[in-house]
Amino acid sequence: MRHILTATVMNEPGVLAHVANMFSARGFNIDSLVVGRTEDPNFSRMTIVVNADERTLDQVRKQLAKIVTVVKVRDYKETPYVSRDLMLIKLSAAANSRSEIIELAALFRGRVVDVGMSSLMVELSGEEEKLDAFVELVRPYGIRELARTGVIAMSRGGSSNAGTDDEIRIEQRPATARPVVRQPLSGKRQPSQQELEATPPG
Amino acid sequence: MSTSTSPIGAGANAPAAKTTSNSNATNAIGAPPSHRTSSIVVENIAKATEFTANGLPVLGRPTGKTDRYNGMTGAQILLQMLLEHGVTDAFGYPGGAILPTFDQLYEKQLNFILVRHEQGAGHMADGYARATGKPGIVIVTSGPGATNTVTPLATAYMDSIPMIVFSGQVRSYLIGNDAFQEADVTGITRPVTKRNYLVKNVRDLPRIINEAFIIATTGRPGPVLVDLPVDVTTGKIEDAVDDTPYLPGYKIYKAGHSKMVKAAADLINASERPVLYVGGGVILSQAWPHVREIARKGNIPTTTTLLGLGAFDENSPLSLHMLGMHGSAYANYAVQESDCLIAVGARFDDRVTGNLKLFAPKAKIVHVDIDPSSISKNVKVDVPVVGDACLCLEEMLGYIEPRPRSSWLSQVARWKASFPFAYKDDTELSKPQAIIEAINKVTGGKAVFTTGVGQHQMWAAQFVRWSVPRSMITSGGLGTMGFGLPAAIGAQVGRPNDLVIDIDGDASYIMTAMELATMSQYNLPVKVAILNNRFQGMVRQWQQLFYKGRFSHSEMVNPDFAAMAESFGIRGLRCHRKQDLIQCVEEMVNHPGPCVVDFLCETDENVYPMVASGKGLHEMELGIVGCAAPNSDREMGTLA
């Protein structure tokens, strides 16, 4: 199963290497790992997407928390959250197909950020599935370059404490975890029929 | 050359070894284990009891913004802070990039032990830490000096041993330029240290040294490395710096969650066939009096891991001795039959559990451990208690109800009677087990023992009657051959008045034998008993059992160990005849200085019981151990 974890880490050299190394040393699979600054220059925030069963996820969390330079670990297993991925995509766009692409980008709330004689660059953010859907739609035009940041995530509501690394609490959590509730993005449009069709099943 | 003269009378500094049997498994809480009759006294290390608002222990000297370091160089600060943190001894080897620090050591405020190879320094510091409970300190140079400490760091990391390595590094502006004797030491050691630092500015040094000591010694202890570029050790602090440790991501678990402690005690009280499974964490947290008292109060049979040996008194009828791959049959049967397994400071290592799917199938599992990541890592735990074993058990003890559990105890006693550790003394050469029994007999088990890794290590675990904590010093998790000799030297430095014996194998011993020169230089009265079977014994055993007897590169052609020792100025003895065994051991133990004895022993001897990989604990090969058991018991054993 796919899980999102975030880790607040001390902003110093070697921390990323330590975290990445821990994952490989213990045989955990990372889908994506994003590091960025936070409001406090002393700390960075990592968002890690892992493919793991319940038990492995528990180990990943604990092993992360064990690293001295990792300050706080949260998982989003039981918490409503917002996740976003950012993409820059450069497409082949001759004059005749340019307007179609611009239309598609607008449909996905993307922005055209660069236009060349035969190319066009679109910036698009959203949940991973939405970006995947866009990529499939524009593939026929010819993708010249594509870059994605990987997922960042944040819990909904005022609490920043959801899914904390309090081990005692975790240990006492009932064995049957509640299913993940993904709430619809409030105030945002629902995906169009076209998008839904283009989204690969699963 | 080797001599067989009569023992030289025990000199003033020769520890008196006495043969005393001790069946007192039930020391009262708080009282030190009662081994006053012997030379071995286990001193408790003061544990931090006061903590700051950040949860870090309060250091001996107040921290904060201070100008006390003004005008001092990094090297001067290092030495002064080592002394302030109570360091009295250190191990290491000089070299270009660490010379500023060595210049400070010239004044001999520290007892510095010059080793012959940095790996030796690491294992000495490790042995020192295991023998005393204090962190072991290593000072080495950059590049090869630092990389030579990787094996000791990994050894200490696997066994959770407090140790701090200070390594030199090239000047910080040269880092990354492939300078002479430069290596990415923090990169190389990151996976084998609890935390490591590259100090970029001398102003950070006081804080980092404070942090290093806290991290190495608290929580689940472990090794820390501090990399010191030359411009840091030569650089001066000119104005006030803050030396307050800053560890926002570090949590020290103290008392267990009281609800979980109570739940654990309820489970234990309700159980009919409980087993205490005690690991090295009990030694690290000094929880042995509590373990002994819980076992006594609840009549709970107790088994220890390799690293837990000494935490429980094996002379007690409640003792099941060691469990696991080469553990006792009765410990393994008891675990498999148990309805409540109480793991304390142990981590369900694969050498302990055998096939996980078959491990303790009938048992509810209580796990007391200070490291939350140990909980449910290998075995699903029913009641986890995260905290310091000492504090958790102290609280749990109040809830434990006295229960006779007589049918369980008599079952255990029957197993113990049927499947004792055994060997057949039917060869011309001594059996290795007989040598260890002789050492146990002469010393009464009252010595600090170290071992290498392999058959001799397992036999030492089986045939010494362990009763004193911190008396078994061995590389468990990493299984580092060559650990025995340097660890013994370190232990002797830490406990100069105790008898220290390295029970070693010929192959393990020669891996680090250059440290004989260190032993000789400082006249450390370490005794080395080499069980010389001219093979890497455990490799030979596996090749015999699983590789059709194709002994691929496991046979050793050894030097004359006694003559070799003599060449270092160390007493060297040979014991080639069975009938000289006791006399040789006595001669070794009574020799006032360092002494190496080459005990020639039988080659084709295997360690039993043995749980082959992939098998459950109850499916062990009993070998000779099963021969004494009546048929009915053997069946019972296999049914367990």
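Owing to the predicted nature of the structure, the values given are computational and were not obtained by experimental measurement. (Residues numbered from 1 in each chain as written. Chains lettered and ligands numbered in written order. Predicted model: local features only at pLDDT ≥ 70, side-chain atom pairs only at ≥ 80, totals over all residues.)

Peer 1: An account of the overall build of chain A is needed here, citing residue identities and associated values.
Peer 2: A tally of regular secondary structure across chain A gives six helices and nine strands. Evaluated residue by residue, chain A yields a buried proportion of 30% over its 202 residues. Long-range pairs, those at least 24 residues apart, make up 76% of the contacts in chain A between residues at least 6 apart in sequence. (Helix = DSSP H or I, 4+ residues; strand = E, 2+ residues; numbered from the N terminus. Buried ≥ 20, exposed ≤ 12 C-beta atoms within 10 Å, placed from the backbone. Contact = placed C-beta atoms within 7 Å.)

Peer 1: Go over the overall build of chain B with me, naming the residues and quoting the values.
Peer 2: For chain B, the helix and strand inventory stands at 24 helices and 20 strands. Compactness check: chain B gives a C-alpha radius of gyration of 25 Å against a globular reference of 26 Å for 640 residues, within 12% of the reference. Each principal axis of the C-alpha atoms in chain B carries an extent, and together these give about 80 × 65 × 50 Å. A buried classification covers 60% of the 640 residues belonging to chain B. A separation of at least 24 residues holds for 77% of the contacts in chain B among residues at least 6 apart in sequence. (Rg over C-alpha atoms; globule rule 2.2 N^0.38 Å.)

Peer 1: Can you break down the domain arrangement of chain A residue by residue, with the values?
Peer 2: Where the parts come together, the accessible area they lose is often given as the size of the interface. Residue and element names in this part refer to chain A. Domain boundaries in chain A define domain 1 (2-80 + 157-171) and domain 2 (82-151 + 191-198). Contacts between the two partners involve six residues from domain 1, matched on the other side by four residues from domain 2. Elements with a minimum of two residues in the side of domain 1 that touches domain 2: β2 (29-37) and β3 (43-51). If one sorts the elements of the side of domain 1 that touches domain 2 by residue count, β2 sits on top with three residues. Looking at the side of domain 1 that touches domain 2, its residues break down into four nonpolar, two polar and no charged. (Domains from an automatic or database assignment. Nonpolar A, V, L, I, M, F, W, Y, C, P; charged D, E, K, R; others polar.)

Peer 1: With reference to specific residues and values, describe the domain arrangement of chain B.
Peer 2: All names here are of chain B. One can read the domain layout of chain B as domain 1 (65-242), domain 2 (258-418) and domain 3 (432-600). Using only C-alpha atoms to locate each centre, domain 1 and domain 3 end up separated by 30 Å. Of all the elements in the fold, those that place two or more residues in the side of domain 1 that touches domain 3 are β2 (89-92), β3 (111-114), α3 (118-132) and α5 (150-158). By residue class, the composition of the side of domain 1 that touches domain 3 is 10 nonpolar, 10 polar and five charged.

Peer 1: If you had to explain the interface of chain A and chain B to someone new, which residues and values would you point to?
Peer 2: At the interface, 18 residues of chain A touch 20 residues of chain B. Sorting the residues of the side of chain A that touches chain B by element identifies α1 (15-25), α2 (54-66), β4 (70-75) and α5 (167-171) of chain A as the ones contributing at least two each. No other element matches the five residues that α2(A) contributes to the side of chain A that touches chain B. Classifying every residue of the side of chain A that touches chain B by side-chain character gives seven nonpolar, six polar and five charged.

Peer 1: Hey, could you go over the nonpolar core for me, with residue numbers and the actual values?
Peer 2: Ranked by size, the top nonpolar core spans 219 residues in total, and within it V138(B), V291(B), V344(B), A529(B) and V597(B) carry the most contacts. The biggest single contributor to this core is helix α7 (residues 205-217) of chain B, with eight residues. Among residues more than four places away in sequence, those in contact with V344(B) are L276(B), V278(B), G279(B), G281(B), V282(B), V291(B), V368(B), A389(B) and L393(B). Membership of the second largest hydrophobic core comes to 14 residues, among which are M87(A), I101(A), V122(A) and L131(A). (Core = buried A, V, L, I, M, F, W, Y, C linked by C-beta atoms within 7 Å.)

Peer 1: Describe the confidence of the model for chain A, listing the residues and the values that go with them.
Peer 2: Summary statistics for chain A give a mean pLDDT of 82 and a share of 78% for residues scoring 70 or more. α5(A) is the least confidently modelled element of chain A, averaging 38 in pLDDT, while strand β8 (residues 143-148) of chain A averages 97, the highest of any element. (pLDDT = per-residue confidence, 0-100.)

Peer 1: Quick one: what's the story with the sheet that holds strand β15 (residues 448-451) of chain B, residue by residue and with numbers?
Peer 2: Residue and element names in this part refer to chain B. Pairing within the open sheet is parallel, and its six strands lie in the order β16-β15-β17-β18-β20-β19. In the strand order of this sheet, the two ends are held by β16 (472-473) and β19 (571-575), each with one partner. Against the sheet, helix α16 (residues 432-443) contacts β17 (500-505), β18 (527-532) and β20 (595-600), and its axis sits at roughly 160° relative to β18. (Pairing = 2+ DSSP bridges. Axes fitted to C-alpha atoms, helices over the stretch in contact; angles between N-to-C directions.)

Peer 1: Explain the sheet that holds β3(B) to me, and be specific about the residues and the numbers.
Peer 2: The pairing of strands in a sheet happens through backbone hydrogen bonds and is either parallel or antiparallel. Residues and elements named next belong to chain B. Pairing is parallel in the open sheet, where six strands are placed in the order β3-β2-β4-β5-β7-β6. Of all the strands in the sheet, the pair left with one neighbour each is β3 and β6 (195-198). Direction aside, neighbouring strands of the sheet carry axes that sit 20° apart on average. In the sheet, β6 pairs with strand β7 (residues 223-229) via four bridges, with the strands oriented parallel. Each residue of the ladder has a partner; that of N196, found in β7, is L225. Against the sheet, α5 contacts β5 (163-169) and β7, and its axis sits at roughly 145° relative to β7.

Peer 1: Break down the pairing of strand β7 (residues 119-126) of chain A for me, citing the residues and quoting the values.
Peer 2: All names here are of chain A. Burial of β7 is one-sided: the residues L120, V122, L124 and G126 facing one way are buried, the residues S119, M121, E123 and S125 facing the other way are not. As paired strands, strand β5 (residues 81-92) and β7 are joined by eight bridges and run antiparallel to one another. When the bridges of β7 are listed, M87 appears paired with L124. Note: strand β6 (residues 111-115) against β7, four bridges, orientation antiparallel. Paired with V112 across the strands is V122, a residue of β7.

Peer 1: Hey, could you go over the environment of K364(B) for me, with residue numbers and the actual values?
Peer 2: Residues and elements named next belong to chain B. Relative to the helices and strands, K364 resides in strand β13 (residues 364-369). Note: C-alpha distance between K364 and L341 (23 residues apart in sequence) is 6.2 Å. Excluding residues within four positions of it along the chain, K364 makes contact with L267, D339, C340 and D382.

Peer 1: A description of the packing of helix α9 (residues 258-270) of chain B against helix α14 (residues 389-399) of chain B should follow, citing residues and the corresponding values.
Peer 2: Two numbers describe a pair of packed helices, the interaxial angle and the distance between the axes. All names here are of chain B. For the pair α9 and α14, the least separation of the axes is 9 Å and the interaxial angle reads 50°. Overall, the two elements α9 and α14 adopt an arrangement that is oblique. Every pair of crossing elements has a handedness; the one defined by α9 and α14 is right-handed. Across from S258, V261, K262, A264 and A265 in α9, the residues of α14 making contact are C392, E395, M396 and Y399. Here the residues of the contact of α9 with α14 sort into six nonpolar, one polar and two charged. (Parallel < 35°, antiparallel > 145°, perpendicular 65-115°, else oblique. Left-handed = near helix turned anticlockwise from the far one by under 90°.)

Peer 1: Could you give an account of the environment of V539(B), naming the residues involved and the relevant values?
Peer 2: Residue and element names in this part refer to chain B. Structurally, the position occupied by V539 is in helix α21 (residues 537-546). Residue V539 is classed as partly exposed on the basis of its 18 C-beta neighbours within 10 Å. Along the primary structure V539 and E555 are separated by 16 residues, whereas in three dimensions their C-alpha atoms are 9.4 Å apart.

Peer 1: Can you tell me about the confidence of the model for chain B, naming the residues and giving the values?
Peer 2: All names here are of chain B. In this model, chain B carries an average pLDDT of 91, and 92% of its residues clear a pLDDT of 70 or more. Below pLDDT 50 for its whole length, residues 1-38 participates in 89 contacts with residues either more than four positions away or in separate chains. Across residues 635-640, where pLDDT falls below 50, the model places eight contacts with residues more than four positions away in sequence or in other chains. Both scores are given for the predicted complex: the pTM is 0.88, the ipTM 0.84.

Peer 1: Go over helix α1 (residues 74-84) of chain B, please, and point to the residues and values.
Peer 2: Residues and elements named next belong to chain B. Buried within α1 are the following residues: G74, A75, I77, L78, L79, M81 and L82. Packing partners of the buried residues in α1 comprise α2 (99-105), β4 (136-140), β5, α7, β7 and α8 (230-234). Looking one or two residues beyond α1, the residue adopting positive phi is G86, at roughly 85°.

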